[in-house]
Amino acid sequence: MPHPLVRVIYEVVVSTGIAVSRALNKSVKEEYTETKQAWRTFQNSQSATGSASSSSRADQAEDLESKATTARTGISVKEAMDILNVQKLDKTDILSKYEYLHSINETSNGGSKYIQAKVACAKERLIQEMQNKTIQGDSEEPDENSEKPKES
């Protein structure tokens with residue numbers, strides 16, 4: 001006959017194992033459901049984007065470039081504009097808001113390095129977006145100084 005303490009330990013181990021396996025099972029089911037829903041949402045958004053006839057390839061390329069820059073910098077244009085409180089991409093407005101927000105958040109004045117970093121990231125993101133738009137605008141329009149081909 002086994003010792004009574006061994007039996008108690010056995011019951012505790014088995015009960016704990018059952019509880020952990022149920023929790024893990026529930027967690028996996030929830031993750032599967034959320035992933036399935038996210039995939040459906042993604043497919044619906046792709047089919048809606050693909051069927052939209054009003055969007056041109058240039059707009060789609062610009063959107064992809066913007067998304068790539070957002071992924072690289074970790075901040076979207078909308079978020080950057082909200083941080084700096086600007087309504088349009090104007091370099092002087094962006095720089096003046098940056099200077100003001102950066103100066104009032106100096107650590108010597110009791111400010112926050114985190115907020116300073118967010119302000120700096122927002123400025124860089126908006127400047128990058130302006131450069132992307134300038135580059136794309138230049139590539140779409142022919143250069144006025146270039147020679148026109150001669151007609152025979």
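The sections below set out a description of the structure shown in this document. Worth saying up front: this structure is predicted, and the values here are computed from it rather than measured.

### With respect to the overall build of the chain
Scanning the chain from terminus to terminus reveals 5 helices and 0 strands. Along the chain, from the amino end to the carboxyl end, the secondary structure elements read α-α-α-α-α. Counting across all 152 residues of the chain, residues that qualify as buried make up 15%. Long-range pairs, those at least 24 residues apart, make up 61% of the contacts in the chain with a sequence separation of at least 6. Accessible area for the chain stands at about 12,400 Å²; split by element, carbon and sulfur atoms hold 56% of it.

### Describing unusual backbone geometry
Phi at Asn85 takes a positive value of approximately 55 degrees, unusual for a residue other than glycine. By the secondary structure assignment, Asn85 is in the loop between helix H3 (77-84) and helix H4 (91-104).

### So, the pattern of salt bridges
Oppositely charged side chains can form a pair if their charged atoms are brought close together. Tallying each qualifying case throughout the model produces 5 salt bridges. The shortest N-O distance in the salt bridge between Glu11 and Arg7 comes to 3.4 Å. Of this pair, Glu11 and Arg7 both sit in helix H1 (residues 4-51), 4 residues apart, roughly one helical turn. A relative accessible area of 42% places Glu11 in the partly exposed class.

About the criteria used
Residues numbered from 1 in each chain as written. Predicted model: local features only at pLDDT ≥ 70, side-chain atom pairs only at ≥ 80, totals over all residues. Heavy atoms only, no water. Helix = DSSP H or I, 4+ residues; strand = E, 2+ residues; numbered from the N terminus. Buried < 20%, exposed > 50% of the residue type's maximum accessible area, 1.4 Å probe, protein only. Contact = heavy atoms within 4.5 Å. Areas by Shrake-Rupley, 256 points an atom, 1.4 Å probe, with all protein chains shown as cover. Salt bridge = Lys/Arg side-chain N within 4 Å of Asp/Glu carboxyl O.

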